[in-house]
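# Structural overview
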Amino acid sequence: MVGQRVRTRFAPSPTGYLHVGGLRTALYNFLFAKKMHGDFIIRIEDTDQSRKVEGAQRDLIKTLEWAGIVADESPEKGGNFGPYIQSERLGIYGKYCQQLLDDQHAYYCFATHEELEENRQLQIKQGLQPKYNRKWLPEEMGGSMPPSAIRKKLDEGGPYVIRMKVPDYVSVWFEDIIRGPVEFDSATIDDQVLMKSDGFPTYHFASVIDDHLMEFTHIIRGEEWLSSMPKHLLLYEFFGWEPPKVAHLPLLLNADRSKLSKRQGDVAVEDYIRKGYSSDAIVNFVAMLGWNEGEGSEQEVYSMEQLIDKFSLERVGKAGAVFNVDKLNWLEKQYIKNRPTEKLVDVIKPILLAELEQKKSLMPEEMITSDAYLEKVIELMRERVGFEHEFVTFSSYFYFEPEVYDQEAVRKRWTIETNELLREFTDILYSLEVFSAENIETHLKEFVLPKGMKAAVLIHPLRILTSGVSFGPSLYHMLEVLGKETVLRRILKGIENISFPV
Ligand code: GLU
């Protein structure tokens, strides 16, 4: 393996959505491969045909690409080690399974489900760890089943599986890059099924064969696969193959340190995309679930390039990583705060154009969709939005008339004089030649202060009438951006609809 080009893989089963844990596994494999100037490969593990979901493969790859995790070889891209879908490699597994049968490392098993279950219950009752009882282990392999009985069953064509024979009294030892040395006693290892009765290999068998044939140098995957390692290593030994290096990633935990909930809403990457998170924030967030740069680094915001540069498996921790959505939200805000304005314009313009297909605006469309206008909205709203789409959705009053006014705020802010004050102030606004924040502020103050009133008597009602809501950016700047015509139209329409007492 010395000097070999690094090759890593992400090997999802196409059973539905991409779990955030899966995204982390893919990301770490990708970061490590790129850091080492190697290749990152996607292999689809669809040997459990009953769990296969139509379209899941495409969706998985699309979601990874959205995150910037692009494979060097995959079912879609091809490569020198294909096919990259296990159901298209059945002949390969058949051949290697025959080799294990010939070498007496594997045997046929005709046990029925009922028999296996009965055996399991019995062992549990006896306080033993349930394992196959080796009823069908042939005499010549140290078992008690005569060859004639096996032959007879095979001739009958009865359904069977093929199991590996785990050697007795050995210990299986390996060094995990993250966990250090790990050891298993073979007494705890079951005679794993390699080939199922439907002719498909099990995950364990297919993944070992493929990991070897596809020449992976490093296997990086979730902790849940750690206990499978001894079976895999025994298979490598049976074939006389050198196993790849392995790293098992820490569990993802909820805030209460329970295993990260499986409820789809919480763990499907696609849901986070739908909510509006950007790939930068998600990738950054997921990268930190188990990895950190090490002491002395205060950095929390990393680009993909920086992650590739700094990532190392040695800095992945053993302890479970807490999945903290507040951290993700914080990161999303950091990205919005620091993203160049032109980039944000590019993101929000299509969102606005799509909205304009659904809803008419009373403002000139060429104005509100212009770069200059959107840049002004961004400047005012950058610190206030949690997602990029909120420059449109949470700030719709910059493009559309308010449909309702916050009634609570109206009740709080309207007095018997409010509409009259607004009417008079509208005349002043109308007369302004320069409709700037500064000018509006000066004139508002000059209008109310001599009456012994505070600016607030107009500020709040103006905001409610022009935006529909009681919070937002600096009122004067917001009015400047909206423009004189829109502001006057909204105030006049508003006071027609609101009369005191409200
Ligand atoms: N198909 C397995 C999964 O869905 C892959 C495990 C591995 O990486 O070996 O997680």
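How each quantity is defined
- Each chain has its residues counted from 1, following the order in which its sequence is written.
- Totals for whole chains, interfaces and linings use all residues, but because this is a predicted model, local features are given only for residues with pLDDT of at least 70 and pairs of side-chain atoms are given and counted only at 80 or more.
- Only hydrogens and water are set aside; all other atoms, that is, all heavy atoms of the structure, feed into the side-chain values.
- We call a residue near a molecule or strand whenever a single non-hydrogen atom of that residue lies within 4 Å of it.
- Identification of polar contacts relies on pairs of N or O atoms within 3.5 Å, with a donor-acceptor requirement for protein atoms, meaning one able to donate a hydrogen and the other able to accept it, and with residues adjacent in sequence counted only if both atoms are side-chain atoms.
- Calculation of accessible area relied on Shrake-Rupley with a 1.4 Å probe; when residues are assessed, cover is drawn exclusively from the protein chains displayed.
- All residues other than Ala, Val, Leu, Ile, Met, Phe, Trp, Tyr, Cys, Pro, Asp, Glu, Lys and Arg, Gly among them, are scored as polar; the first ten of these are nonpolar and the last four charged.
- Runs of E in the DSSP output that reach at least two residues are strands. Runs of H or I that reach at least four are helices, and both are numbered from the N terminus.
- In this description, strands pair whenever DSSP reports at least two bridges between them.
- Axis angles are defined between N-to-C directions and span 0 to 180 degrees, where every axis is a line fitted to C-alpha atoms and, for a helix, only to the segment in contact.
- Aromatic contacts are taken between Phe, Tyr and Trp rings whose centres are within 6.5 Å, Trp giving its six-membered ring; a plane angle under 30 degrees counts as stacked, one over 60 as edge-to-face, and the others as tilted.
- Each residue is placed in one exposure class: buried if its accessible area under a 1.4 Å probe, protein chains only, is under 20% of its type's maximum, exposed if it is over 50%, and partly exposed if it falls in between.

Turning our attention to the site of the ligand. Lining the immediate surroundings of the ligand are R9, A11, S13, E45, Y203, R221 and W225. Here an oxygen atom of the ligand and a side-chain polar atom of R9 are 2.7 Å apart. At 3.5 Å, a side-chain N or O of W225 approaches an oxygen atom of the ligand. If the ligand stood free it would expose 290 Å²; the protein chains cover 80% of that surface. Taken together, the residues that form the shell around the ligand break down as three nonpolar, one polar and three charged.

In this structure, P83 follows G82 across a cis peptide bond, with omega equal to -5 degrees. Positionally, P83 belongs in the loop between α2 (56-66) and α3 (90-102). Of note in this structure, R134 is not a glycine but carries a positive phi near 65 degrees. Within the secondary structure, R134 sits in the loop between α4 (113-125) and α5 (147-156). With phi around 55 degrees, Y169 is a residue other than glycine that occupies positive phi space.

As summarised here, the arrangement of the three strands in space is β3-β4-β7, forming an open sheet in which the pairing is antiparallel. Every interior strand has two partners, whereas the edge strands, β3 (106-109) and β7 (193-195), have only one. The average undirected angle you get between the axes of adjacent strands in this sheet is 45 degrees.

Right, let's talk about the packing of aromatic side chains for a bit. As enumerated under the stated definition, the model contains 24 aromatic pairs in all. Each ring, one from Y96 and one from F239, has its centre 5.5 Å from the other, and the planes form 85 degrees; the classification is edge-to-face. A residue pair is termed long-range when its members are at least 10 positions apart, and Y96 in helix α3 and F239 in helix α7 (residues 229-239) qualify at 143 residues. F239 carries the same exposure label as Y96, and that label is buried. Centroid distance F425 to F447: 5.8 Å. Interplanar angle 25 degrees. Geometry classified as stacked. With F425 in helix α17 (residues 418-431) and F447 in helix α18 (residues 437-448), this residue pair connects regions lying 22 residues apart in the sequence.

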